[in-house]
Amino acid sequence: MTLNLTADEVLTTTRSVRKRLDFDTPVPRKVLMECLDIALQAPTGSNAQGWQWVFVEDAAKKKALADIYRANATPYLDQPKPERGDIRDQQMDAVMDSAKYLNQNMEHAPVMLIPVLEGRPDRAEAGIQASFWGSLLPAVWSFMLALRERGIGTAWTTLHLLGEGEKQAAELLGIPFEKYTQGGLFPIAYTKGTDFKLAKRLPAEQLTHW
């Protein structure tokens, strides 16, 4: 089933979904692979296609991943957040409440995803870093857009990567740590309702330079 959204609608309503993830409805592998086939059409530097996609369905491993995530996320989410003096301050309470909900319930998602890319850009100069992440992140975003069109949501989380977290997740899932870098941890579930709206963002004029 697809929602038949326009390209603009998909692009402007693909939200970070946390509280509206439906933990009780299974996500078929067939649908995930359909979305991944779409994602793999994204550009990748030198056409290297050095990505790998690690889906996690096992309950014990999902719980272990959630615990790794929580070890970093809980203290981070409890820190005072900076005041910026604009619309972002008005949204912060809702964002933190949503993030804390996901932190408490991460392992209940039917599926988790960790996308990885061959190589380790640790301490590389900016040009190498940009090239590296530019070879993975467009595909991940395309995957999220394809999920949205099928009534499925996720949230791009990165806190499990802090400290020893990435290495712990690699050991848990059999990812060769020295060979592959993880790009995030994504809880995946059908959404409770599909009516997502445009987010309140800073105006483009405020961010544009000519």
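Calculation notes
- Residues numbered from 1 in each chain as written.
- Predicted model: local features only at pLDDT ≥ 70, side-chain atom pairs only at ≥ 80, totals over all residues.
- Heavy atoms only, no water.
- Buried < 20%, exposed > 50% of the residue type's maximum accessible area, 1.4 Å probe, protein only.
- Helix = DSSP H or I, 4+ residues; strand = E, 2+ residues; numbered from the N terminus.
- Pairing = 2+ DSSP bridges.
- Phe/Tyr/Trp six-rings, centres within 6.5 Å; stacked < 30°, edge-to-face > 60°.
- Lys NZ or Arg CZ within 6 Å of the ring centre and 35° of its normal.

Undergrad: Give a description of the pairing of strand β6 (residues 186-191) that names residues and reports values.
TA: Of all six residues that make up β6, six are buried, and the element is covered over most of its length. Here two bridges tie strand β1 (residues 21-22) to β6, and the two strands are oriented antiparallel to one another. Counted as the bridge partner of L21 is T191 from β6. Where strand β3 (residues 111-118) lies against β6, three bridges are found, and the strand directions are antiparallel. The residue bridging M112 from the neighbouring strand is P187, located in β6. Pairing between strand β4 (residues 152-154) and β6: three bridges, direction antiparallel. Following the sheet pairing, T154 is matched in β6 by I188.

Undergrad: An account of the packing of aromatic side chains is needed here, citing residue identities and associated values.
TA: For the coordinates displayed, the defined rule picks out six aromatic pairs. A ring pair is formed by F23 and Y101, whose centres lie 6.4 Å apart and whose planes are at 10°; its orientation type is stacked. In this pair, F23 is assigned in the loop between β1 and α2 (29-39) and Y101 in helix α4 (residues 87-105), connecting sequence segments 78 residues apart. Looking at F23, the relative accessible area reads 19%, which means it is buried. When the centroid spacing of 6.3 Å and the interplanar angle of 40° are considered together, the rings of W53 and F143 count as tilted. Separated by 90 residues along the polypeptide, W53 in strand β2 (residues 51-56) and F143 in helix α6 (residues 137-149) bring together distant segments of the chain. In terms of burial, W53 and F143 fall into one category: buried. Through a chain of ring-to-ring contacts, the aromatic side chains of W51, W53, F55 and F143 assemble into a single cluster. Cation over ring: R20 sits above F196, and NZ or CZ is 4.0 Å from the ring centre. Sitting over the face of the ring of F177, R120 holds its NZ or CZ atom 4.2 Å from the ring centroid.

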